[in-house]
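# Observations on the model geometry
Residue strings, one per chain:
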Amino acid sequence: PLTTITVQGAQQHNLKNIDVSIPRDQMTVCCGPSGSGKSSLAMDTIFAEAQRRYVESLSAYARQFLGQMQKPRVEHVSGLSPAISIEQQTTSKSPRSTVGTVTEVYDYLRILYARLGQPHCPACKIPIGTQTAEEIIEKIIHLPEGTKLYLMAPLERRGQEKYDSLFDEIRRSGFVRMRVDGKSFNVNEPPSIDHRRKHVIEVVVDRLIVRHSQRGRLADAVEAALELGKGVMHVTYVDDHRDEAQWKVERFSQHFACDQCRRSFEPLNPHHFSFNSPLGWCPVCEGLGTQKGSNPALLIRDSRSSMRDGALTAWPELTAAQPFTRFAEAIARHVGFSLDEPFEKLAAEHRRAILYGTGDAWIALDPVSPRAAARGDARTAVRGLTFQYKGVLPALSEAARVSFVYRHRLDDIVSDVPCSACQGSRLREDAAACRFQGHTLGAIGDWPLRQTLKSFDDLKLGKEQQQIAGEVLREIKNRLRFLVDVGLDYVTLNRPTATLSGGESQRIRLASQIGSGLSGVLYVLDEPTIGLHPRDNRRLLQALAHLR
């Protein structure tokens, strides 16, 4: 096999007909004063010729997408391999380009989340997923023996048709019992209900007691309930000691839907986790993660203080004599936080409610009376005031938009802020809520790389999960380890590339190119240590030696 790269008659730029022999499978350094021809030899002769020959070996169709390089002024070069160069150039200034995307770590994370991520409902924060008929049967058959159950199929009327038509349909199907709003009725004696209101109608497919010996009957009932309920069935646990309306009801679904809010979702694939595509980006900020608005950091006086102690500059002082105090207490009561707790210790949804408002919800100024609470009617809880809370940041943004005076007065606090919809994750809400090992993709992207690498090194997966994600995890850890080795352990994957320094950009580019660890490749690096601290030079050289 060839052991050297031989260059004969190099005349590119200021090279004076140079002949040189460079050993393969080793690190070779070209050094000399500025203008001595280092880059002309390495980049413009050796790399250019290797790249030109590689491109020429491709089909005509492939070559039209690649820039054809000019043949350098050299008589002959032998012993070349396909070449990759790391030049002295700035990284992408695209606002969507991040450390994760340029190093391709994010691409592997997208695959990992699409394959092994557990989808969660963005609103209810609970896992969602599909269940097969066999899984439903297994769950029911493993309940304690003797458990009394109703297996039911929920039915919905078509449009605004009367419920009598639905009752006739149940009767014709041969079923005897049904439940209307949690109460059992004989199908021949349906209740008198208001057809203008929505009611929960469930057909009792079977009433049974859990017995392991009756698996066949249970399986038939489950399949019949799923067919009648169009993929959804309810299981009611009969409790003779409680009123029927209070019996526990468990919902099983073959659809990809949330059990609480009943919202349906589509199965996620890697494209749904990409903020460079309309399929995956947040529709509000279009994958940028930021929008023009008031900077919350400028409105928080001291995050260690509580709201009552004046943590938020936009709220007046919450004293007994201040009329706004009653409104603040009502907001805290409605959202579920304490005005005496430090702002930094409030849950993310509580801070969001303070800054961005509570939507269209009506808030009672005074505590809800027990009688009104039992009716679920907060607006008539007291014969007093109910109000809607718009939120600090929307109020400031609206003031700056509609008032010329406020626009100039608020100019100092309006800047690029995290998107109010995705909170900076850049993703659509269902993808942003998906979790792997309990963490969202946005949360992992905000960790320092040293923490990210440690979490993946400590990862414990089952045999089946390891088989699915083995290669993906290996690539993620290899790239993360290289980034940490060259001194970027403090950077996050979500860090925009436009905010990186020159030295950081150079090391990021190195990690993206040679972190894959290809063998038989000619790497040509043009001053790779430019802009680096001397301690980082040693770490970089160790990484290159490891690559070799």
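Time to look at the overall build of the protein chain. Helix and strand content of the protein chain: 19 helices and 17 strands. Here the C-alpha coordinates of the protein chain stretch approximately 105 × 70 × 40 Å along the principal axes. Out of the 548 residues in the protein chain, the part that is buried amounts to 43%. Once local pairs closer than 6 in sequence are excluded, the contacts in the protein chain between residues at least 24 apart make up 68%. In the form shown here, the protein chain has an accessible surface area of approximately 30200 Å², with 49% of it arising from carbon and sulfur atoms. Counting 71 positive and 63 negative side-chain charges, the protein chain places the centres of these two groups 2 Å from one another.

Time to look at the pattern of salt bridges. Taken as a whole, this structure holds 24 salt bridges when the rule is applied. Of the charged contacts, one joins R308 and D340 as a salt bridge, the two residues approaching to 2.8 Å between their closest N and O atoms. With R308 in the loop between α8 (296-299) and α9 (324-335) and D340 in the loop between α9 and α10 (348-356), the pair connects residues that are 32 residues apart, well separated along the chain. In this structure, R481 engages D457 in a salt bridge whose closest nitrogen and oxygen atoms are separated by 3.0 Å. Of this pair, R481 sits in helix α17 (residues 463-485) while D457 sits in helix α16 (residues 449-457), and the two are 24 residues apart along the sequence. Judged by relative accessible area, which is 32%, R481 ranks as partly exposed. According to the relative accessible area criterion, D457 is partly exposed, its value standing at 36%. A single salt-bridge network, built from bridges that share partners, covers E49, R52, R53, E56 and K71.

Between helix α4 (residues 105-116) and α17, whose axes approach to 9 Å, the crossing angle comes to 160 degrees. Judged by the inter-axis angle, α4 sits roughly antiparallel to α17. For the element pair α4 and α17, the recorded crossing hand is left-handed. Here V105, Y108, L109, I111, L112, R115 and L116 of α4 come into contact with α17, specifically with Q465, I468, A469, V472, L473, E475, I476, R479 and L480. Counted by class, the contact of α4 with α17 contains twelve nonpolar, one polar and three charged residues.

With that settled, consider the environment of G9. Relative to the elements of secondary structure, G9 occurs in strand β1 (residues 4-10). G9 sits 66 residues away from E75 along the chain, and the two C-alpha atoms are 5.0 Å apart. What G9 contacts, discounting residues up to four positions off in sequence, is N17, I18, D19, R73, V74 and E75.

Let us look at the nonpolar core. Formed by 44 residues in total, the largest nonpolar core has its most connected members in L109, L112, F273, F456, I476 and L480. Listed by contribution, the elements that provide at least two residues to this core are α4, α15 (441-445), α16, α17, α18 (502-514) and α19 (534-547). Ranked by residues supplied to this core, first place goes to α17 with eight residues. Beyond its immediate sequence surroundings of up to four residues, L480 is in contact with V105, L449, T452, L453, F456 and L493.

Moving on: the environment of R242. Along the polypeptide, R242 turns up in the loop between β9 (232-237) and β10 (248-253). Of the residues examined, R242 reaches a relative accessible area of 46% and is grouped as partly exposed. Separated by 230 residues in the primary sequence, R242 and Q12 have C-alpha atoms spaced 92 Å apart.

Of all the six residues making up β9, six are buried; the element is thus mostly covered by neighbouring parts of the structure. Both faces of β9 are covered, namely the face carrying V232, H234 and T236 and the face carrying M233, V235 and Y237. Pairing of β9 with β10 involves six bridges; the strand directions are antiparallel. In the sheet register, T236 faces β10, and the bridge partner there is V249.

In this section: the sheet that holds strand β6 (residues 177-180). Strands sit in the order β7-β6-β8-β5-β9-β10 across an open sheet of six strands; the sheet is antiparallel. Two strands bound the open sheet, and with one partner strand each, they are β7 (183-186) and β10. Neighbour-to-neighbour, the strand axes of the sheet open up by a mean angle of 35 degrees, direction not taken into account. Bridge analysis of β6 against β7 gives four bridges, and the strand direction is antiparallel. Within β7, the residue paired with V180 across the bridge is K183. Across the sheet, helix α5 (residues 133-141) lies against β5 (148-155), β9 and β10, angled at about 155 degrees from β10, the strand it touches most. Contacts from helix α6 (residues 163-172) reach β5, β6 and β8 (201-209) within the one sheet, and its direction differs from that of β8 by about 30 degrees.

All right, on to the pairing of β5 then. Counting buried positions along β5 yields six of eight residues, so the element is predominantly enclosed. Examined bridge by bridge, β5 and β8 share eight bridges and lie antiparallel to one another. Residue pairing for β8: Y150 is matched across the bridge by R207. Two elements, β5 and β9, share four bridges in a ladder whose sense is antiparallel. Residue pairing across strands places L151 opposite V235, the latter belonging to β9.

Turning to α19, a few remarks are in order. With 14 residues, α19 should cover 20 Å at 1.5 Å per step; its first-to-last C-alpha distance of 20 Å lies within 8% of that length. For α19, the full list of buried residues reads D536, L540, A543 and L544. Buried residues in α19, looked at end-on, bunch into an arc of 100 degrees, giving them a common side. Away from the buried face of α19 by more than 90 degrees, exposed residues P534, R535, R538, Q542 and H546 are located.

Our focus in this paragraph is the confidence of the model for the protein chain. Looking at the protein chain as a whole, its pLDDT mean stands at 83, while 92% of the residues score no less than 70. For the protein chain, the element scoring lowest by mean pLDDT is helix α11 (residues 370-375), at 52; strand β2 (residues 18-23) scores highest, at 94. Across residues 378-383 the pLDDT falls below 50, and counting only partners more than four positions away or on other chains, this stretch makes eleven contacts in the model.

What follows covers a nonpolar patch on the surface. Where nonpolar side chains cluster on the molecular surface, the patch consists of Y61, F65 and L66 and spans about 370 Å² of accessible area. Note that Y61 resides in helix α2 (residues 60-63).

Rules and cut-offs
- Residues numbered from 1 in each chain as written.
- Predicted model: local features only at pLDDT ≥ 70, side-chain atom pairs only at ≥ 80, totals over all residues.
- Heavy atoms only, no water.
- Helix = DSSP H or I, 4+ residues; strand = E, 2+ residues; numbered from the N terminus.
- Buried < 20%, exposed > 50% of the residue type's maximum accessible area, 1.4 Å probe, protein only.
- Contact = heavy atoms within 4.5 Å.
- Areas by Shrake-Rupley, 256 points an atom, 1.4 Å probe, with all protein chains shown as cover.
- Lys, Arg positive; Asp, Glu negative; His and termini not counted.
- Charge placed at Lys NZ, Arg CZ, Asp CG, Glu CD.
- Salt bridge = Lys/Arg side-chain N within 4 Å of Asp/Glu carboxyl O.
- Axes fitted to C-alpha atoms, helices over the stretch in contact; angles between N-to-C directions.
- Parallel < 35°, antiparallel > 145°, perpendicular 65-115°, else oblique.
- Left-handed = near helix turned anticlockwise from the far one by under 90°.
- Nonpolar A, V, L, I, M, F, W, Y, C, P; charged D, E, K, R; others polar.
- Core = buried A, V, L, I, M, F, W, Y, C linked by side-chain atoms within 4.5 Å.
- Pairing = 2+ DSSP bridges.
- Expected span 1.5 Å × (residues − 1).
- Arc of directions from axis to C-beta.
- pLDDT = per-residue confidence, 0-100.
- Patch = residues over 30% accessible without salt bridge, like charges linked within 9 Å, V, L, I, M, F, W, Y side chains within 5 Å.

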